[in-house]
Amino acid sequence: QKEVEQDPGPLSVPEGAIVSLNCTYSNSAFQYFMWYRQYSRKGPELLMYTYSSGNKEDGRFTAQVDKSSKYISLFIRDSQPSDSATYLCATLKQGGSEKLVFGKGTKLTVNP
Amino acid sequence: DSGVTQTPKHLITATGQRVTLRCSPRSGDLSVYWYQQSLDQGLQFLIQYYNGEERAKGNILERFSAQQFPDLHSELNLSSLELGDSALYFCASSGLAGIADTQYFGPGTRLTVL
């Protein structure tokens, strides 16, 4: 079983839609949870960063972590064509051997 | 623009060869990370250097090695190249040692092994 599973999509939505992107992870030792956005032919950029279970909001973006079910989500409200990108979830385990593991990414297209 | 630079942008080489990828971190950043991104495996963490010292190791093959120089730039050396090494190689930098620190990614080097 992969440590982080992410549906690769692709996901295509109309402008203004609410987008839900999801990942599951297998190792309960993971403590930090991140979402990166990667535009075509660019490096990833950090979008959201959470440490514990619960929600974190930043503008149109909300990251949600449920440690009991090992499930992480990113919601995008009022999606825009500029949100079209690949979204990667990532989890981090600290202490001892640090480990940063990424999902394979979900490709999102927001159609005007 | 993240402030992280990588050279070259593209590299085409043959199996069995050796290549060196170069990364210059953001001004003031002490940590450099290397990642490999392929369609099969996604983005995989390879190795981290902090202020010249190796700090964390991920899924880096023995054929690969890296170092960080006193001016903080880093090089990733890939040897005995195989077709499966074809991928995007990203460098990222951060100000602190902890791998949880916000990382800023460069534009990547696309390696094609023929």
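Our subject is the structure listed above.
A short tour of the structure in this document, coming up. (Residues numbered from 1 in each chain as written. Chains lettered and ligands numbered in written order. Predicted model: local features only at pLDDT ≥ 70, side-chain atom pairs only at ≥ 80, totals over all residues. Heavy atoms only, no water.)

Let's shift gears to the environment of Gln-36 of chain B. Residues and elements named next belong to chain B. Of note, Gln-36 is situated in strand β4 (residues 31–38). Distance from Gln-36 to Asn-59, taken between C-alpha atoms, is 9.3 Å for residues 23 residues apart in sequence. Apart from residues no more than four positions distant in its own chain, Gln-36 is found in contact with Gly-42, Leu-43, Gln-44, Leu-46, Phe-64, Asp-85, Ala-87, Leu-88 and Tyr-89. At 2.8 Å, the side chain of Gln-36 forms a polar contact with the side chain of Tyr-89. (Helix = DSSP H or I, 4+ residues; strand = E, 2+ residues; numbered from the N terminus. Contact = heavy atoms within 4.5 Å. Polar contact = N/O pair within 3.5 Å; in protein donor to acceptor, adjacent residues only side chain to side chain.)

Turning to the sheet that holds strand β1 (residues 5–7) of chain B, a few remarks are in order. Residue and element names in this part refer to chain B. The sheet built from 4 strands is open, its strands ordered β1-β3-β8-β7 with antiparallel pairing. Among the strands making up the open sheet, the edge pair consists of β1 and β7 (64–68). For this sheet the average axis-to-axis angle between neighbouring strands, irrespective of direction, equals 15°. The pairing of β7 with strand β8 (residues 74–78) spans 5 bridges and is classified as antiparallel. From the neighbouring strand, Phe-64 faces β8, where its bridge partner is Leu-78. (Pairing = 2+ DSSP bridges. Axes fitted to C-alpha atoms, helices over the stretch in contact; angles between N-to-C directions.)

At the interface, 17 residues of chain B touch 17 residues of chain A. Counting each side, the surface lost to burial between chain B and chain A is near 1400 Å², with a carbon and sulfur contribution of 55%. Counting across the interface, chain B meets chain A through 0 salt bridges. Inspection of the region where chain B meets chain A yields 2 residue pairs in polar contact (both at pLDDT 80 or more). Mapped onto the side of chain B that touches chain A, the elements with two or more residues apiece are β4 and β5 (42–50) of chain B. At 3 residues, the largest contribution of residues to the side of chain B that touches chain A is made by β5 of chain B. Split into classes, the residues belonging to the side of chain B that touches chain A amount to 9 nonpolar, 6 polar and 2 charged. (Buried area = accessible area lost by both parts, 1.4 Å probe. Salt bridge = Lys/Arg side-chain N within 4 Å of Asp/Glu carboxyl O. Nonpolar A, V, L, I, M, F, W, Y, C, P; charged D, E, K, R; others polar.)

All names here are of chain A. Pro-10 follows Gly-9 through a cis peptide bond whose omega is 5°. Relative to the helices and strands, Pro-10 resides in the loop between β1 (4–6) and β2 (11–14). Phi angles above zero are rare outside glycine, and Arg-41 is one such case at about 65°. Its location among the elements puts Arg-41 in the loop between β4 (32–38) and β5 (45–50). A positive phi angle is found at Asp-78, which is not glycine, with a value near 45°. Taking the relative accessible area as the measure of exposure, Asp-78 reaches 43% and is therefore partly exposed. (Buried < 20%, exposed > 50% of the residue type's maximum accessible area, 1.4 Å probe, protein only.)

Our next topic: the side chain of Ser-38 of chain B. Residue placement: Ser-38 of chain B occurs in strand β4. Setting aside anything within four residues of it in sequence, one finds Ser-38 of chain B in contact with Ser-86 and Ala-87 of chain B.

Right, let's talk about the state of the cysteines for a bit. Scanning all chains against the criterion turns up 2 disulfides over all chains. Paired by a disulfide, Cys-23 of chain A and Cys-89 of chain A hold their sulfur atoms 2.0 Å apart. Taking the sign of the S-S torsion, about -100° here, the bridge from Cys-23 of chain A to Cys-89 of chain A comes out left-handed. Taken as a pair, Cys-23 of chain A in strand β3 (residues 19–25) and Cys-89 of chain A in strand β9 (residues 85–93) lie far apart in primary sequence, 66 residues in all. A relative accessible area of 1% places Cys-23 of chain A in the buried class. Note that Cys-23 of chain B is cross-linked by a disulfide to Cys-91 of chain B, the S-S spacing being 1.7 Å. One disulfide, between Cys-23 of chain B and Cys-91 of chain B, carries an S-S torsion of -45° and so falls in the left-handed class. Residue Cys-23 of chain B is located in strand β3 (residues 19–24), and its partner Cys-91 of chain B is located in strand β9 (residues 87–94); the two are separated by 68 residues in the primary sequence. (Disulfide = S-S within 2.5 Å.)

Here we come to the nonpolar core. Residue and element names in this part refer to chain A. Ranked by internal contacts, the top residues of the largest apolar core, which has 24 residues, are Trp-35, Ile-72, Leu-74, Ile-76 and Tyr-87. Among the secondary structure elements, those contributing two or more residues to this core are β3, β4, β5, β7 (61–66), β8 (71–76), β9 and β11 (106–111). When residues in this core are grouped by element, the largest group, 4 residues, is from β3. Contact partners of Ile-72, with chain neighbours within four places excluded, come to Leu-21, Asn-22, Cys-23, Tyr-25, Phe-33, Trp-35, Gln-64, Val-65, Cys-89 and Thr-91. (Core = buried A, V, L, I, M, F, W, Y, C linked by side-chain atoms within 4.5 Å.)

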